[in-house]
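# Working through the structure, step by step
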Amino acid sequence: MENIISKGIMAIMPTYESGKGNCTTVYTEKENILIDATVRTVIKNLCAYYHVDMDASNKYFGELLSIKKGIPLPLSRDDVFIQLKVRKPIIRYDGTRGYFNLDSIEKVEKLNDNSVVLLKNGIEIKCIYSKNTVIKHIKKGKVARMIYENKYSSFNANDIMERYAALETPVTKADLAKMFFIILEVINRIK
């Protein structure tokens, strides 16, 4: 799993493979990886890698966001996944939802009554949801990220610097406030 994570997971999609049945395609920044397991198994393995209890996460974020299905899955500050329906089931217990990393979504376009999610690496993934529904899921994912960051806001100075070096984004007022509280905490520990 670590090998796949290091390649930068952009999306995790259910796939039918002839002779194998339900499989999973993991879209990374540079390649697509076919895994001979269901999306559910891949997600459970991801949660185990990140030490995340998926049931507890779903309960916590589901209650806060007032949703029961399609709950965002924050694995880390930078890996927040939203669930979108990408296919219709052929048989019972078929996985229909794919997981999209919020940071990997470039834009969403309308396609008849459905939509297409364009990833930052240029791959287009058709979605059964309307464009407006996809945008709602993205917004809920962003709220889940804010909740996650507030709950686990134990940033240290190195984390903040690494984050901005990787993202090449300007520092916000919220970031300065977090840094201020970290400095106060350090000063209090020294005293």
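The structure contained in this document is the topic of the report that follows.

Cut-offs applied
- Residues numbered from 1 in each chain as written.
- Predicted model: local features only at pLDDT ≥ 70, side-chain atom pairs only at ≥ 80, totals over all residues.
- Heavy atoms only, no water.
- Patch = residues over 30% accessible without salt bridge, like charges linked within 9 Å, V, L, I, M, F, W, Y side chains within 5 Å.
- Areas by Shrake-Rupley, 256 points an atom, 1.4 Å probe, with all protein chains shown as cover.
- Salt bridge = Lys/Arg side-chain N within 4 Å of Asp/Glu carboxyl O.
- Helix = DSSP H or I, 4+ residues; strand = E, 2+ residues; numbered from the N terminus.
- Buried < 20%, exposed > 50% of the residue type's maximum accessible area, 1.4 Å probe, protein only.
- Phe/Tyr/Trp six-rings, centres within 6.5 Å; stacked < 30°, edge-to-face > 60°.
- Lys NZ or Arg CZ within 6 Å of the ring centre and 35° of its normal.
- Pairing = 2+ DSSP bridges.
- Contact = heavy atoms within 4.5 Å.
- Axes fitted to C-alpha atoms, helices over the stretch in contact; angles between N-to-C directions.
- Expected span 1.5 Å × (residues − 1).
- Arc of directions from axis to C-beta.
- Polar contact = N/O pair within 3.5 Å; in protein donor to acceptor, adjacent residues only side chain to side chain.

## Overview of a nonpolar patch on the surface
A contiguous nonpolar patch, built from Phe 180, Phe 181, Ile 183, Leu 184 and Ile 187 and spanning about 470 Å² of accessible area, is present on the exposed surface. Tracing the backbone shows Ile 187 in helix H6 (residues 173–190). Residue classification places Ile 187 among the partly exposed positions, given a relative accessible area of 38%.

## Here we look at unusual backbone geometry
Located in the positive-phi region is His 51, a residue other than glycine, with phi close to 60°. In this structure, His 51 sits in the loop between helix H2 (39–50) and helix H3 (54–65). What makes His 51 exposed here is its relative accessible area of 74%.

## Describing the packing of aromatic side chains
Per the stated rule, a full pass over the model turns up two aromatic pairs. Where Tyr 49 meets Tyr 50, the ring centres are 5.4 Å apart and the plane angle is 85°; that geometry is what we call edge-to-face. A residue is classified by how much of its surface remains accessible, and Tyr 49, at 35% relative accessible area, is partly exposed. Geometrically, the ring pair formed by Tyr 60 and Phe 61 is edge-to-face, given 5.0 Å between the ring centres and 85° between the ring planes. The partly exposed category is assigned to Tyr 60, whose relative accessible area is 31%. Overall, Phe 61 belongs to the buried group, its relative accessible area being 5%. Positioned over the ring face of Tyr 16 is Arg 87, at 3.9 Å from the centre of the ring.

## Section: the sheet that holds strand S4 (residues 73–74)
An order of S3-S2-S1-S6-S5-S4 is seen for the six strands of this open sheet, with the pairing classed as antiparallel. Only two strands of the sheet have a single neighbouring strand rather than two, namely strand S3 (32–35) and S4. Inspection of the sheet shows strand S1 (residues 9–17) paired to strand S2 (residues 21–28) by eight bridges, in the antiparallel sense. For Tyr 16, the partnering residue across the bridge sits in S2 and is Asn 22. The strands touched by H2 within the sheet are S1, S2, S3, S4 and strand S6 (97–101), with S1 carrying the most contacts at an inclination of about 150°.

## Some details on H3
For H3, built from 12 residues, the straight-helix expectation of 16 Å at 1.5 Å per residue is met to within 8% by its first-to-last C-alpha distance of 16 Å. Residues of H3 that are buried include every one of Ser 57, Phe 61, Gly 62 and Leu 65, and no others. The arc that holds every buried residue of H3, seen down its axis, measures 115°, which confines them to one face. Residues of H3 that are exposed and angled more than 90 degrees away from the buried face: Asp 55, Lys 59 and Glu 63. Tucked inside the fold, the buried residues of H3 contact S4 and helix H4 (131–151). The opening residue of H3, the one whose side-chain oxygen lies 3.1 Å from the backbone nitrogen of Asp 55, is Asp 53. The positive-phi residue at the C-terminal boundary of H3 is Ser 66, with phi of around 55°.

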